[in-house]
Amino acid sequence: MFGGYQAALADPIAAIACSRIFPGYSCWTRAMSIDFRVGGSKDLELRFSMPAELEEAIRSDLKSKNRSTPTFTYGFYLPDGTLATSITNTVAIREAGYIRATTPPALSSQFAANSLQRLETLLRKKLIERVTSKYIQGETLLARSFEDLIARAANEHGVVERDAFQHLIRQVGLVPGDLNENEVDVLFDLLDQDGAGFVTVEAAADWWKGGKQADLP
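Identification of the chain as EF-hand domain-containing protein from Octactis speculum is taken from an unreviewed UniProt entry.

Remarks on the nonpolar core
Core analysis: the biggest nonpolar cluster contains 18 residues, and C18, F22, F72, V91 and I93 have the highest contact counts within it. If you list the elements that add at least two residues to this core, you get α2 (13-21), α3 (52-65), β4 (71-77) and β5 (83-95). In terms of residues, this core owes the most to one element, β5, which gives four residues. Excluding anything up to four places from it in sequence, C18 contacts C27, M50, F72, V91 and I93. Formed by 15 residues, the second largest nonpolar core is a distinct cluster that contains F165, L168, V201 and A205.

So, α3
A rise of 1.5 Å per residue sets the reference length of α3, with its 14 residues, at 20 Å; its end C-alpha atoms lie 20 Å apart and thus fit the reference within 8%. Positive phi appears at N66, one or two residues downstream of α3, with a value of about 60°.

Concerning the environment of I21
With respect to the helices and strands, the residue I21 is situated in helix α2. A sequence separation of 29 residues divides I21 from M50, and the C-alpha atoms of the two residues are 9.8 Å apart. Residue contacts for I21: discarding those within four places in its chain leaves M50, E55 and R59.

Concerning the pattern of salt bridges
Applying the stated criterion to the full structure yields four salt bridges. With a shortest N-O distance of 3.2 Å, R37 and D35 are connected by a salt bridge. K65 is the salt-bridge partner of D61, the closest N and O atoms lying 3.8 Å from each other. Of the two residues, D61 and K65 both sit in helix α3, four residues apart, roughly one turn of that helix.

Conventions adopted
Residues numbered from 1 in each chain as written. Predicted model: local features only at pLDDT ≥ 70, side-chain atom pairs only at ≥ 80, totals over all residues. Heavy atoms only, no water. Core = buried A, V, L, I, M, F, W, Y, C linked by side-chain atoms within 4.5 Å. Buried < 20%, exposed > 50% of the residue type's maximum accessible area, 1.4 Å probe, protein only. Helix = DSSP H or I, 4+ residues; strand = E, 2+ residues; numbered from the N terminus. Contact = heavy atoms within 4.5 Å. Expected span 1.5 Å × (residues − 1). Salt bridge = Lys/Arg side-chain N within 4 Å of Asp/Glu carboxyl O.

Here it is, written out as structure tokens:
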């Protein structure tokens, strides 16, 4: 079987299995790699299974974080049982309606922009309150105040990870009340456009200044 056909067939298998086992969540392939070990010149059988311990780990993630990103290993086998092609597939499992989900379709780009604009408005309101209380005036100093906050949240590599971002939002005073935990999580993913799991200080500062608004998905 041609390698491209194997890839096309293998791609959705893990996500489909997850959607059946964990109904009510959006599931899609986050990443996949293929190792062609033996030529597939004969009939091939795709074998996939979900180990009980992995299923339990996913359920634990969904219960505690309402999200999971498991990795599965399966493959195509020759009639004699030889593994011809090894598949490593990572699936994103997120709550239904998740902003970056592809199953069902992600919400509109206008929603994404409005969400960030709402956060910006709330942040400005809170920061203005802080700045005013310290008798500091002016937009430039206000921007510096925000950049100072995100710089403090950054790690030694100059990036802000999810937990630090959530802590930053609480530090400004937006949770609870103005934003719920899920909205904060979604907003982080909007800023983390490449799915790297972190946001650079520069990217967050550019968004605050309006430089990245047009680049949102």
